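Tertiary structure, described
Here is how the chains run, residue by residue.
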Number of protein chains: 2
Amino acid sequence: MATPLSLADIQARLPQLSGWSLVNGKLHKQFVFSSFIQAFGWMSGVALVAEKLDHHPEWMNVYNRVTVDLVTHDAHGITDLDFELAERMNQLATG
Amino acid sequence: MATPLSLADIQARLPQLSGWSLVNGKLHKQFVFSSFIQAFGWMSGVALVAEKLDHHPEWMNVYNRVTVDLVTHDAHGITDLDFELAERMNQLATG
């Protein structure tokens, strides 16, 4: 079972995670791409990573934008898994 | 340019579109699948159709659920394109 991180831990780690912030108790970021093809291509990569991690995002797509919220429901908080998925999302977005 | 449908037209056509309703001026439906793999597999099919139609959904995915809203922003309303995409989404969900 993943352990929820403390607010102090989350705030200490957030600066290393480009573009992410803490919103409503979740790690939050909006990704903007050049087209729907680029956006959904990125989502497809993230989907493979998420399934492999067995940890899935809450995400909303409108054309070239994808808004993401990450939280670990089982742990009732943000865990290492959320930071790992966020980092992988950043890596996939920057090629 | 697509022409927005009248409310009367929309309400006349909705009964033929299983599971869809009119919410906040958009065609709305929540699809529930058996897993994330099933949900994202369906989304991948829909993405190909959407790109081909050059008409894209607003959609939110959380694990095995996908909530969809369809509207034609250019036309400031619901058009034939929204009904076409909704119908294709239903077809892809039922195999």
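Residues numbered from 1 in each chain as written. Chains lettered and ligands numbered in written order. Predicted model: local features only at pLDDT ≥ 70, side-chain atom pairs only at ≥ 80, totals over all residues. Heavy atoms only, no water.

**Observations regarding the overall build of chain A**
Assigned secondary structure in chain A consists of three helices and four strands. When the helices and strands of chain A are placed in sequence order, the string is α-β-β-α-β-β-α. Relative to the globule expectation of 12 Å for 95 residues, the C-alpha radius of gyration of chain A, 13 Å, shows essentially globular dimensions. The dimensions of chain A, computed from C-alpha atoms along their principal axes, are 35 × 25 × 20 Å. Relative to its 95 residues, chain A shows a buried fraction of 45%. For chain A, contacts bridging at least 24 residues in sequence account for 64% of all contacts bridging at least 6. Here chain A displays about 4900 Å² of accessible surface, and carbon together with sulfur accounts for 52% of that area. Here chain A contributes 6 positively and 10 negatively charged side chains, and the mean placements of these two sets differ by 8 Å. (Helix = DSSP H or I, 4+ residues; strand = E, 2+ residues; numbered from the N terminus. Rg over C-alpha atoms; globule rule 2.2 N^0.38 Å. Buried < 20%, exposed > 50% of the residue type's maximum accessible area, 1.4 Å probe, protein only. Contact = heavy atoms within 4.5 Å. Areas by Shrake-Rupley, 256 points an atom, 1.4 Å probe, with all protein chains shown as cover. Lys, Arg positive; Asp, Glu negative; His and termini not counted. Charge placed at Lys NZ, Arg CZ, Asp CG, Glu CD.)

**Some words on the side chain of A:Asp82**
Residue and element names in this part refer to chain A. Among the structural elements, aspartate 82 can be located in helix H3 (residues 80-93). A polar contact is formed between the side chain of aspartate 82 and the backbone nitrogen of valine 71, at a distance of 3.2 Å. A distance of 2.6 Å separates the side chain of aspartate 82 from the side chain of threonine 72, its partner in a polar contact. If near-sequence neighbours (up to four positions away) are discounted, aspartate 82 is found in contact with Leu27, His55, Leu70, Val71, Thr72 and Gly77. (Polar contact = N/O pair within 3.5 Å; in protein donor to acceptor, adjacent residues only side chain to side chain.)

**So, the interface of chain A and chain B**
Between chain A and chain B, the residue contacts involve 15 residues of the former and 15 residues of the latter. In this assembly, chain A packs against chain B so that about 1500 Å² is buried in total across both faces, 72% of it on carbon and sulfur atoms. For chain A, the biggest contributors to the area lost against chain B are A:Phe36, A:Phe40 and A:Trp59; these three give 34% of the whole. Our count for the chain A to chain B interface comes out at zero salt bridges. For the interface between chain A and chain B, the tally reads two residue pairs in polar contact (both at pLDDT 80 or more). Those elements giving two or more residues to the side of chain A that touches chain B turn out to be helix H2 (36-53) and strand S3 (58-62) of chain A. (Buried area = accessible area lost by both parts, 1.4 Å probe. Salt bridge = Lys/Arg side-chain N within 4 Å of Asp/Glu carboxyl O.)

**Quick look at the relation of the copies chain A and chain B**
Turning chain A through 180° and shifting it by 0.0 Å along the axis lays it on chain B, with an RMSD of 0.0 Å. Both copies of the chain, as the preceding transformation shows, are related through a two-fold rotation axis. No C-alpha of chain A lies nearer the rotation axis than that of A:Met60, which sits 2.0 Å from it. Looking at the interface residues of chain A, 100% of them are also at the interface in chain B, so both copies use one shared face. (Least-squares fit on C-alpha atoms with pLDDT ≥ 70 in both.)

**Describing the environment of A:Leu14**
Summarising the element assignment, A:Leu14 is placed in the loop between helix H1 (7-13) and strand S1 (21-23). Leave out the neighbours within four places in its chain, and A:Leu14 touches A:Trp20, A:Ser21, A:Leu22, A:Leu27 and A:Phe83.

**Description of the layout of surface pockets**
Taken as a whole, the largest pocket encloses approximately 330 Å³ of empty space. Lining the largest pocket are 14 residues, with B:Asp54, B:His55, B:His56, B:His73 and B:Asp74 positioned closest to its centre. Broken down by class, the residue content of the lining of the largest pocket amounts to seven nonpolar, four polar and three charged. Empty space within the second largest pocket amounts to approximately 280 Å³. In terms of lining residues, the second largest pocket is bounded by 14 residues, among which A:Asp54, A:His55, A:His56, A:His73 and A:Asp74 are the most central. The class makeup of the residues in the lining of the second largest pocket is seven nonpolar, four polar and three charged. (1 Å grid on protein atoms, 1.4 Å probe; cavity = no way out; pocket = protein on both sides within 12 Å on 5 of 7 lines; lining within 4 Å. Points joined across faces, edges and corners; volume = space filled by probe spheres on them. Nonpolar A, V, L, I, M, F, W, Y, C, P; charged D, E, K, R; others polar.)

In short, the description is geometric, and any link to function would need to be established separately.
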